[in-house]
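Okay, here's what each chain looks like letter by letter:
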Amino acid sequence: MVATANIPTLELNNGTRIPQLGFGVFRVDPGETTRIVTDALEVGYRHIDTAAIYGNEAGVGEALASSGIARDELYVTTKLWNDRQTDAQAAFDESLAKLGLDYVDLYLIHWPTPEKDTFVEAWKSLEKIAATGRAKAIGVSNFLVPHLEKLLANTDVVPAVNQIELHPAHQQPEVTGFSREHGIHIEAWGPLGQGKYPLFDAPEVAAPAEAHGKTPAQVVIRWHLQTGNIVFPKSNRRERMAENFDVFDFELTAAEVAAITSMEREGRVSAHPNEVN
């Protein structure tokens, strides 16, 4: 039996709750998505993070439908793509249809696309969607402080989350600090650095892995959890999914957390939010 009860939840600023550990399907082949998400659900994950641009919402929906898991035990996030910010209602309806759901738990603006300057308009559409209950919570992704400031100054609903690239080498303290000051929870994408730097070989990670009898990946996921991030590592392999899920039977010391936090070096490994338009 899977130990789904072990997954902590966090309360969002609208009173809903989100599982702190989830499963991401970025770059998961649409043809393999149903199998992979089914594996993740069988391992114990209940929080699935997808997006319209991933092209795999239908596969996620098929896995959810065939799982036999009650809808209220599942947490599903999807995202509005950049070219639909002025057409958000229709884009949302399309995502919902592909997922085969009556509602999603969280709907995000995927990127601010500052050159288009349409994210405020998109957010107002998300506010209307949320008011209908078809999105239980709404949030943003890849928003920097200036984007958040503009959003907060021109709209009524504070985002529930800000999903950003976050891993030990790139922790975005300015963005996380501003977000948390305004009651916006941080979701970390690319939480293990996407394999683009030798994170697991770093002594700050390797030493606690040895001390706790855990893998370096488990240590980094645990660091995310203990620092308050919502995190959803991805893997196509069931054994790795299970490894990433097995992070609730140990705790890093304050010194171990601090050592990993000290690895910050502004080491972004993906696109800068001002350059994605």
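## Overview of the packing of helix H5 (residues 145–154) against helix H6 (residues 173–181)
Okay, so step 1: Direction vectors running N to C along H5 and H6 enclose 25°, while the axes themselves pass 9 Å from each other. One element, H5, and the other, H6, form an angle in the roughly parallel class. Judged by residue contacts, Val-145, Leu-148, Glu-149 and Leu-152 of H5 engage Glu-174, Val-175, Phe-178 and Ser-179 from H6.
Okay, so step 2: A class-by-class count of the residues in the contact of H5 with H6 yields five nonpolar, one polar and two charged.

## Observations concerning the packing of aromatic side chains
Okay, so step 1: Considering all chains together, one arrives at six aromatic pairs under this definition.
Okay, so step 2: With 5.4 Å between their ring centres and 55° between their planes, Phe-23 and Tyr-45 make a pair best called tilted. Taken together, the positions of Phe-23 in strand E3 (residues 23–24) and Tyr-45 in the loop between helix H1 (33–43) and strand E4 (47–49) put the pair 22 residues apart, joining distant regions of the chain. Across the pair, exposure class does not vary: Phe-23 and Tyr-45 are buried alike.

## What to know about helix H7 (residues 203–212)
Okay, so step 1: Of all the positions in H7, only Val-205, Pro-208 and Ala-209 are classed as buried. The arc that holds the buried residues of H7, viewed along the axis, is 105°, so those residues lie on one side. More than 90 degrees from the buried face of H7, the exposed residues found are Pro-203, Glu-210 and Ala-211.
Okay, so step 2: Buried residues belonging to H7 abut helix H8 (216–226) and helix H10 (254–261).
Okay, so step 3: Looking one or two residues beyond H7, the residue adopting positive phi is Gly-213, at roughly 65°.

Here is what the cut-offs are and how they apply
- Residues numbered from 1 in each chain as written.
- Predicted model: local features only at pLDDT ≥ 70, side-chain atom pairs only at ≥ 80, totals over all residues.
- Heavy atoms only, no water.
- Axes fitted to C-alpha atoms, helices over the stretch in contact; angles between N-to-C directions.
- Helix = DSSP H or I, 4+ residues; strand = E, 2+ residues; numbered from the N terminus.
- Parallel < 35°, antiparallel > 145°, perpendicular 65-115°, else oblique.
- Contact = heavy atoms within 4.5 Å.
- Nonpolar A, V, L, I, M, F, W, Y, C, P; charged D, E, K, R; others polar.
- Phe/Tyr/Trp six-rings, centres within 6.5 Å; stacked < 30°, edge-to-face > 60°.
- Buried < 20%, exposed > 50% of the residue type's maximum accessible area, 1.4 Å probe, protein only.
- Arc of directions from axis to C-beta.

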